[in-house]
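Structure at a glance
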Amino acid sequence: MAQIILSGTGISKSYGALRVLQGVDIEVRAGEILGILGPNGAGKTTLFNMISGDATLDAGEFTFKGEALRSEAPHKRCRRGIGRTYQIPKPYAGMTTFENLMVAAMFGASLSERQANAFCASILEDCGLAAKANLTAGSLTLLDRKRLELARALASNPSLLLLDEIAGGLTEEEARQLVELVRQIRQRNITIIWIEHVLNAIMAVADRLLVLNFGEKIADGPPKEVIANPDVQRVYMGIEA
Amino acid sequence: MTTANITLPTHPGASIPDVTVIRHTGSSRIAAAACAILLVAMISMPWWGQSGHIRWVVEFSVYLAIAQMWNLLAGYAGLVSVGQQAFVGVAGYTMFVLASNFGINPFLAVWLSVLVPGLLALPTYALLHRLDGPYFAIGTWVVAEAVKLIVLNIGYVNAGSGMTLRVMSQYTLHQREVGIIWLCASMLLVTVGGSYWLLRSRHGLALTAMRDNPVAAESQGVNVKRLRFLIFVAAAMGTGLAGSIYYMAQLRITPAAGFNPSWANICIFIVMVGGVGTIEGVLVGALIYFVADRFFAQYGAVYMVILGLMTLLTALYARQGIWGLISSRIHIPLFPVGRKLIGPSPAKTGGTP
């Protein structure tokens, strides 16, 4: 069995009186695709923010590749191999698509400029953004901004990739192609945690599903078992047993 | 999303064809040549220019330098300071003290004096870095006023009466003009040329990313906190250098002049009207301010009202400033900092060079 790349124990977070996550345990194995489901406000993005370092933990601890993450800053976590996308795309609007990737390649992946040029050009090609390489990111459509989020995260050369609802707003065909791309990413030996509401997309590639509700983990296991779980059906799909 | 045959590079070190990235344009080459000619004209000016015109060049260079430093601060690091006069004043005073009281050559003292604004920037940033937006701006103004009050109460620097640079009388007018104009040329190379070099380097990518989205930049490996700190210190030193040179040319400094908030106002006007976040914008803004100050300052309040209105109108209707309006119509980057991807290099792919 593959080694555990990320583990979190007792992860808790509150914003004032609002308890967003309560003692959540999470374990991800190298090369795995873990899907995270849950209704809005379940704490999914907060969990990502704490893995990437964008938010601090109230209690609990994350271990990445056998070492505790403690209060390490996001840029250090990125350099250690944790890449992420944002649910609401955060492009560098005044820079071109290519330059957006260059930032991640040169600072996240610590490549030289020459290496980064070639690496980013290749990722743009693969993510369908080659024709838009020299357009400013601010001028891209929402769909292209989502592609850019994924491409930029890849440019940081992560070993763990956090995808936050990248299929949201895509057509069925676009979502199918996205699934293909995620499969390809896994072949690069990148572990993926994917928050997604588009169930077809996540079911097509996830090895395991974890479901959150009001900050608590209510299910964790193989996708088919989790989807058949009565609690998950009630909470996530509104189906009463 | 992508084609059916996806072939992601396995890792950055995998054999990936080299690509061509263009960093210069025809207009930027012309601008570089023009800058070189202007620089030569500038350093030779004491031999062919009039004293009055040399003073104009010194003044314009100082405006350009302090505005470019403010452009780095506000336009890239997101640090809107209205207290840059603190660094102008302390550097000016340090130069006067080193030259008058310690007998150090004043032209060398100018360079030594930039260490003090650099040192002052350390506690200032430590105190203010947790503040955001308008709170940070107010904090910088408070620090500048506090420094001014301290200087006003130090008898060693003649308190409110200010200091006079009598040591300059040992030089002839020509020697002074050569020294000051060469200092100005060096200052422009360090502040404007240095900013251009910085923005074209890998750190320029990080700075621009930080300007556009600091949260994303941090999560892509950019150490945003350290970069902001370094920019704050560098801007303080660059602003101080301009202050030292300006007051050397004036031969006199007082707390009221050295720590005058109008220094910050000049920066804000030049950068906002010219165009924030670009070197070209600062050039345009500095030219407008210099011409306005030279030829319309005599109209007093009306002149100030017009400058204020220009800033307001730019903020409301042309956020990218006059250079932004120009570049949205004609693509003539004079100081390009971007990277244009052309595609696989013909040499590597066996195509026609």
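Residues numbered from 1 in each chain as written. Chains lettered and ligands numbered in written order. Predicted model: local features only at pLDDT ≥ 70, side-chain atom pairs only at ≥ 80, totals over all residues.

Within chain B, the secondary structure is distributed over 17 helices and 4 strands. Compactness check: chain B gives a C-alpha radius of gyration of 22 Å against a globular reference of 20 Å for 353 residues, within 12% of the reference. In terms of its C-alpha atoms, chain B occupies a principal-axis envelope of roughly 80 × 50 × 45 Å. The long-range fraction of contacts in chain B, counting pairs at least 24 apart against all pairs at least 6 apart in sequence, stands at 78%. (Helix = DSSP H or I, 4+ residues; strand = E, 2+ residues; numbered from the N terminus. Rg over C-alpha atoms; globule rule 2.2 N^0.38 Å. Contact = placed C-beta atoms within 7 Å.)

Check the secondary structure of chain A and you find 9 helices and 10 strands. Seen through its C-alpha atoms, chain A measures out along the principal axes to roughly 55 × 40 × 40 Å. In chain A, buried positions account for 52% of the 241 residues. Looking at chain A alone, contacts between residues at least 24 apart form 66% of all its contacts between residues at least 6 apart. (Buried ≥ 20, exposed ≤ 12 C-beta atoms within 10 Å, placed from the backbone.)

What follows concerns the sheet that holds strand S2 (residues 18–29) of chain A. Residue and element names in this part refer to chain A. In space, the 4 strands of this open sheet follow the order S2-S1-S4-S5, with antiparallel pairing throughout. The sheet is open, and its two borders are formed by S2 and strand S5 (67–68), each paired with just one other strand. Here strand S4 (residues 59–64) runs beside S5; their pairing, made up of 2 bridges, is antiparallel. Across the sheet, Phe-64 pairs through a bridge with Glu-67, a residue of S5. Sheet strands in contact with helix H1 (residues 44–52) are strand S1 (4–15), S2 and S4, and its direction is about 120 degrees off that of S1. (Pairing = 2+ DSSP bridges. Axes fitted to C-alpha atoms, helices over the stretch in contact; angles between N-to-C directions.)

Let's shift gears to the interface of chain B and chain A. With 34 residues of chain B at the interface, the matching set in chain A holds 48 residues. Breaking the side of chain B that touches chain A down by element, the ones donating at least two residues are strand S1 (19–22), helix H9 (202–212), helix H10 (214–219) and strand S4 (340–344) of chain B. For the side of chain B that touches chain A, the element with the most residues is H9(B), which contributes 6 residues. Class assignment for the residues of the side of chain B that touches chain A results in 17 nonpolar, 11 polar and 6 charged. (Nonpolar A, V, L, I, M, F, W, Y, C, P; charged D, E, K, R; others polar.)

Take the pairing of S4(A) next. Residue and element names in this part refer to chain A. The pairing of S1 with S4 spans 5 bridges and is antiparallel. Note that in S4 the partner of Gly-8 across the bridge is Phe-62. Counted along the chain from S4 to the antiparallel partner S5, the turn is 2 residues long, and its residue Lys-65 has a positive phi close to 50 degrees.

Turning our attention to helix H4 (residues 113–126) of chain A. Residue and element names in this part refer to chain A. The terminal C-alpha atoms of H4, which comprises 14 residues, lie 20 Å apart, in line with the 20 Å expected from a rise of 1.5 Å per residue. In terms of burial, H4 is largely enclosed, as 11 of its 14 residues are buried. At the exit of H4 stands Gly-128, carrying a positive phi of roughly 75 degrees. (Expected span 1.5 Å × (residues − 1).)

Strand pairs in the sheet, formed through backbone hydrogen bonds, run parallel or antiparallel to each other. All names here are of chain A. Taken in spatial order, the 6 strands make up an open sheet running S6-S7-S8-S3-S9-S10, and their pairing is mixed. Looking at the sheet topology across the chains shown, the edges are occupied by strand S6 (82–84) and strand S10 (216–221). Neighbour to neighbour, the strand axes of the sheet diverge by 15 degrees on average, direction disregarded.

Another point: the nonpolar core. Counting residues in hydrophobic clusters, the biggest one holds 187 residues, and the most contacted among them are Val103(A), Ala105(A), Cys120(A), Ile66(B), Ile245(B) and Ile270(B). When near neighbours in sequence (up to four residues on either side) are disregarded, Ile66(B) contacts Gln84(B), Thr239(B), Ala242(B), Trp263(B), Ile266(B) and Cys267(B). (Core = buried A, V, L, I, M, F, W, Y, C linked by C-beta atoms within 7 Å.)

A few words now on the environment of Asp212(B). Looking at where Asp212(B) falls in the secondary structure, it is placed in helix H9. Given 24 C-beta atoms within 10 Å, Asp212(B) falls into the buried group. The spatial distance from the C-alpha of Asp212(B) to the C-alpha of Ala77(B) is 9.6 Å, given a sequence separation of 135 residues. Not counting chain neighbours up to four residues away, the residues in contact with Asp212(B) comprise Tyr92(A), Ala93(A), Gly94(A) and Met95(A).

This next bit is on the environment of Gly258(B). Residues and elements named next belong to chain B. One can find Gly-258 in helix H12 (residues 255–258). The class of Gly-258 is buried, set by 27 C-beta atoms lying within 10 Å. Ignoring anything within four residues of it in the chain, the contact list for Gly-258 reads Val-88, Gly-89, Gly-92, Tyr-93, Gly-243, Tyr-247 and Ile-253.

Let's shift gears to the confidence of the model for chain A. Detail in the predicted coordinates should be disregarded across regions flagged by low pLDDT. Taken as a whole, chain A shows an average pLDDT of 91; of its residues, 99% reach a score of 70 or greater. Averaged pLDDT values over the elements of chain A bottom out at 84 in helix H9 (residues 230–237) of chain A and peak at 97 in helix H3 (residues 97–108) of chain A. (pLDDT = per-residue confidence, 0-100.)

In this section: the pairing of S2(A). Two faces, one strand: in a regular strand the side chains alternate between the faces of the sheet. All names here are of chain A. Sheet analysis places S1 next to S2, joined by 8 bridges and oriented antiparallel. The residue bridging Leu-6 from the neighbouring strand is Val-28, located in S2. Adjacent in sequence and paired antiparallel, S1 and S2 are bridged by 2 residues, among which Gly-16 carries a positive phi angle near 65 degrees.

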